[in-house]
Amino acid sequence: MSILVIAEHDNSELKQATLNVVAAAKAIGGDIDVLVAGENCGAVGEAAAKAEGVNKVLVADNAVYGHFLGENLGELVAEVGKSYSHILAAAGTVGKDFMPRVAALLDVAQVSDIMRVESEDTFVRPIYAGNAIATVKSTDSIKVITVRPTAFDPVAGEGGSAAVEQLDVVKDAGLSAFVNEELAKSDRPDLGSAGIVVSGGRGMQNGDNFKMLEQVADLLGAAVGASRAAVDAGFVPNDMQVGQTGKIVAPQLYIAVGISGAIQHLAGMSDSKVIVAINKDEEAPIFQVADYGLVADLFEAVPQLEEELKKVL
Amino acid sequence: MKVLVAVKRVIDYNVKVRVKPDNTGVDLANVKMAMNPFCEIAVEEAVRLKEKGVASEIVVVSIGPKACQEQIRTALALGADRGIHIETDEEVQSLEAAKLLKSVVEKEEPKLVILGKQSIDSDNNQTGQMLAALTGMGQGTFASEVVVEGEKVNVTREVDGGLMTVALNLPAVVTTDLRLNEPRYASLPNIMKAKKKQLDSMTPADLGVELAPRLSTLKVEAPASRQAGVKVADVAELVDKLKNEAKVI
Ligand SMILES: Cc1cc2nc3c(=O)[nH]c(=O)nc-3n(C[C@H](O)[C@H](O)[C@H](O)COP(=O)(O)OP(=O)(O)OC[C@H]3O[C@@H](n4cnc5c(N)ncnc54)[C@H](O)[C@@H]3O)c2cc1C
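Residues numbered from 1 in each chain as written. Chains lettered and ligands numbered in written order. Predicted model: local features only at pLDDT ≥ 70, side-chain atom pairs only at ≥ 80, totals over all residues. Heavy atoms only, no water.

1. A few points about the domain arrangement of chain A
Residue and element names in this part refer to chain A. Partitioning chain A into structural domains gives domain 1 (2-166) and domain 2 (196-312). For domain 1 versus domain 2, the distance between C-alpha centres works out to 31 Å. On the domain 2 side, the residues contacting the 5 residues of domain 1 number 7 residues. Of the roughly 540 Å² buried between domain 1 and domain 2, counting both surfaces, carbon and sulfur atoms make up 53%. Among the residues domain 1 hides against domain 2, the three largest losses belong to Ala129, Arg148 and Thr150. Together they make up 75% of the total. (Domains from an automatic or database assignment. Contact = heavy atoms within 4.5 Å. Buried area = accessible area lost by both parts, 1.4 Å probe.)

Set out below in structure tokens:
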């Protein structure tokens, strides 16, 4: 078996999710190559070569891949991937965008968002917002798979010494063009891989009040997340949404503040190791999954939390 | 321009899902079904494009058993002009759905195809992208804004880092995210009117597509359930537990 892992990166840094996907590839077994497609992404190729368990790194460095347009990546990955038994990418917004195109171009199914590998052709994945867990077997000759990064412990990012090869495959589908992007700038850790996440919901009442959560997060070295209601209401940007249709997180500690615990929210965080809920409604469903529940008004509890943390950290 | 919208009948998002005791799937007997929420957003976007004078006709298509006609009628009541039902009682996987939709696209020649980014049953997030690849169209996935300008459509997409806007040549595929719009409710007169709108029914065989699922579901289980923990009396106790019991801070 030979596995092609598509690296997730921003042209300068390899994202940790790639190391989680390599871990999923190791669970399948076989030679693992990593494809880095981007523009001026040489450093990413070098970083991928150091990842544990990687056999070879292929770098497709061209302006047509600079913004990870699904049309171009789809053609590239279908072309490069057709000689592999498995093609894997992280189930982030880039992977979700181009991987189904790869599957369609190769006339195979895609297995989305796997959380476990049972064998080379059988995988476990969540359905119905994680309220059911399906074991699916693929009969296709090439398996196109997106991987839920938080479900696999990352391989080491250092120590490997894979060969790096330049690929001269330029696929410009000519269907789409990048116009602009507004990326959130934050010095906090990445939501998807942070060890601690502090999330706020509709109970926060407005965007300014999220500052309270940010202060707590900064004490803990945590990322800040949100419920859909908080994003829809405009308190915080969309990239902070945790849930079925937002980001999936599984930190060591998840603190839900003013979040009721709708199934769609739980789908994104219920694999966290320890869950804390702060909510003034003792009937809120979030308490059914919380390891530690505090029934309190968040406007009193969060400033107190900041003070208490300062004492012990 | 003509807009094609694909809609799916799924379990209502408020329903608590239960896994069947024999682990063959999820219990759908006597469960409330509804249009997939992302598909509602797709219909709404098409209707808004028509209200702006950008779209001239909205065709709505659904694949599945006879009962899907309910969701098609809902879309017609919301403002779609005409319905197509591809009737089958078989399980339809994303690649097959994309192939069926491709044959509809070839017949109808829409300028824009709008789909939900994922359906809340299988949570696959695939069909729109597969359709785009099979028809050689560009795709604006996870859309939070759609602006048609001449022969192009600008789609602002919700991506992991924030927002990204792409310009696509028409015809193109758009898949909707939650914040694209807030769907309206159908009014009673419109529900009545929808009953008279044209709805054509056909089978996958009529479209020359053979259903050949590539994935088989071996079993479906309930997720490992979390135990509710303890309630703490105050913040001091919480911090103490996090530090000394859970040891996570
Ligand atoms: C298709 C679909 C996809 C969805 N995807 C997602 C998703 O990915 N992520 C997601 O989060 N949701 C998602 N949702 C929405 C989900 O169903 C809920 O509506 C949402 O999670 C509710 O957010 P919330 O808990 O912040 O708000 P609410 O349910 O309104 O809860 C607010 C909570 O704050 C508490 N509160 C209020 N004031 C205070 C106070 N002063 N002190 C303490 N507590 C207070 C209240 O008691 C309440 O429990 C989706 C819905 C659909 C239909």
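2. Some details on the UniProt feature "domain: Electron transfer flavoprotein alpha/beta-subunit N-terminal" (unreviewed entry) in chain A
The feature "domain: Electron transfer flavoprotein alpha/beta-subunit N-terminal" (unreviewed entry), as given by UniProt, occupies residues 3-182 of chain A in the numbering adopted here. Along residues 3-182 of chain A the backbone is 26% helical and 34% strand, and the end-to-end C-alpha distance reaches 34 Å. (UniProt positions renumbered as here; feature names shortened; annotations may be inferred. Helix = DSSP H or I, 4+ residues; strand = E, 2+ residues; numbered from the N terminus.)

3. Notes on the sheet that holds strand β4 (residues 57-64) of chain B
With mixed pairing, the 10 strands of this open sheet are ordered in space as β11(A)-β9(B)-β8(B)-β7(B)-β10(B)-β6(B)-β1(B)-β4(B)-β5(B)-β11(B). Only two strands of the sheet have a single partner each, and these edge strands are β11 (176-183) of chain A together with β11 (199-202) of chain B. Averaged over neighbouring strand pairs, the angle between their axes works out to 30 degrees when direction is ignored. Inspection of the sheet shows β4(B) paired to strand β5 (residues 82-87) of chain B by 6 bridges, in the parallel sense. By the bridge assignment for β5(B), Val59(B) is matched with Arg82(B). (Pairing = 2+ DSSP bridges. Axes fitted to C-alpha atoms, helices over the stretch in contact; angles between N-to-C directions.)

4. Describing a nonpolar patch on the surface
Taken together, the side chains of Leu219(A), Val312(A) and Leu313(A) define a hydrophobic patch exposed on the protein surface, amounting to about 210 Å² of accessible area. Inspection of the secondary structure puts Val312(A) in helix α8 (residues 298-312). (Patch = residues over 30% accessible without salt bridge, like charges linked within 9 Å, V, L, I, M, F, W, Y side chains within 5 Å. Areas by Shrake-Rupley, 256 points an atom, 1.4 Å probe, with all protein chains shown as cover. Salt bridge = Lys/Arg side-chain N within 4 Å of Asp/Glu carboxyl O.)

5. Thoughts on empty space enclosed by the protein
A water-sized probe rolled over the atoms picks out the places where empty space is left. All told, the structure shown has 3 cavities of 30 Å³ or more when counted by the stated rule. The volume enclosed by the largest cavity comes to roughly 110 Å³. Together, Ile6(A), Ala7(A), Glu8(A), His9(A), Ala37(A), Phe68(A), Leu73(A), Ala89(A), Ala90(A), Val94(A), Gly95(A) and Phe98(A) line the largest cavity. Broken down by element, the lining of the largest cavity gets its largest block of residues, 3 residues, from helix α4 (residues 93-105) of chain A. For the lining of the largest cavity, the per-class residue count stands at 9 nonpolar, 2 polar and 1 charged. Approximately 80 Å³ is the volume attributed to the second largest cavity. Lining the second largest cavity we find Tyr128(A), Ala129(A), Asn131(A), Gln244(A), Ile263(A), Gln264(A), Ile11(B), Asp12(B), Tyr13(B), Val15(B), Val17(B) and Ile120(B). The two domains that each donate at least three residues to the lining of the second largest cavity are domain 1 (2-166) and domain 2 (196-312) of chain A. (1 Å grid on protein atoms, 1.4 Å probe; cavity = no way out; pocket = protein on both sides within 12 Å on 5 of 7 lines; lining within 4 Å. Points joined across faces, edges and corners; volume = space filled by probe spheres on them. Nonpolar A, V, L, I, M, F, W, Y, C, P; charged D, E, K, R; others polar.)

6. Let's talk about the state of the cysteines
Counting across every chain of the model gives 0 disulfides over all chains. A disulfide-free cysteine, Cys39(B) has its sulfur positioned 11 Å from the sulfur of Cys68(B), the nearest such atom. (Disulfide = S-S within 2.5 Å.)

7. Considerations on the interface of chain B and chain A
In this complex, chain B contributes 77 residues to the contact, which on the side of chain A involves 87 residues. Carbon and sulfur atoms supply 55% of the area that chain B and chain A bury against each other, a total of about 6,800 Å² over both sides. When residues of chain B are sorted by the area they lose upon contact with chain A, Asp160(B), Arg214(B) and Arg226(B) head the list and together hold 11% of the total. Where chain B touches chain A, the interface holds 46 residue pairs in polar contact (both at pLDDT 80 or more). Among the secondary structure elements, those contributing two or more residues to the side of chain B that touches chain A are α3 (94-108), α4 (127-135), β7 (138-149), β8 (152-159), β9 (162-169), β12 (215-221), β13 (230-231) and α6 (235-245) of chain B. When its residues are assigned to classes, the side of chain B that touches chain A shows 40 nonpolar, 19 polar and 18 charged. (Polar contact = N/O pair within 3.5 Å; in protein donor to acceptor, adjacent residues only side chain to side chain.)

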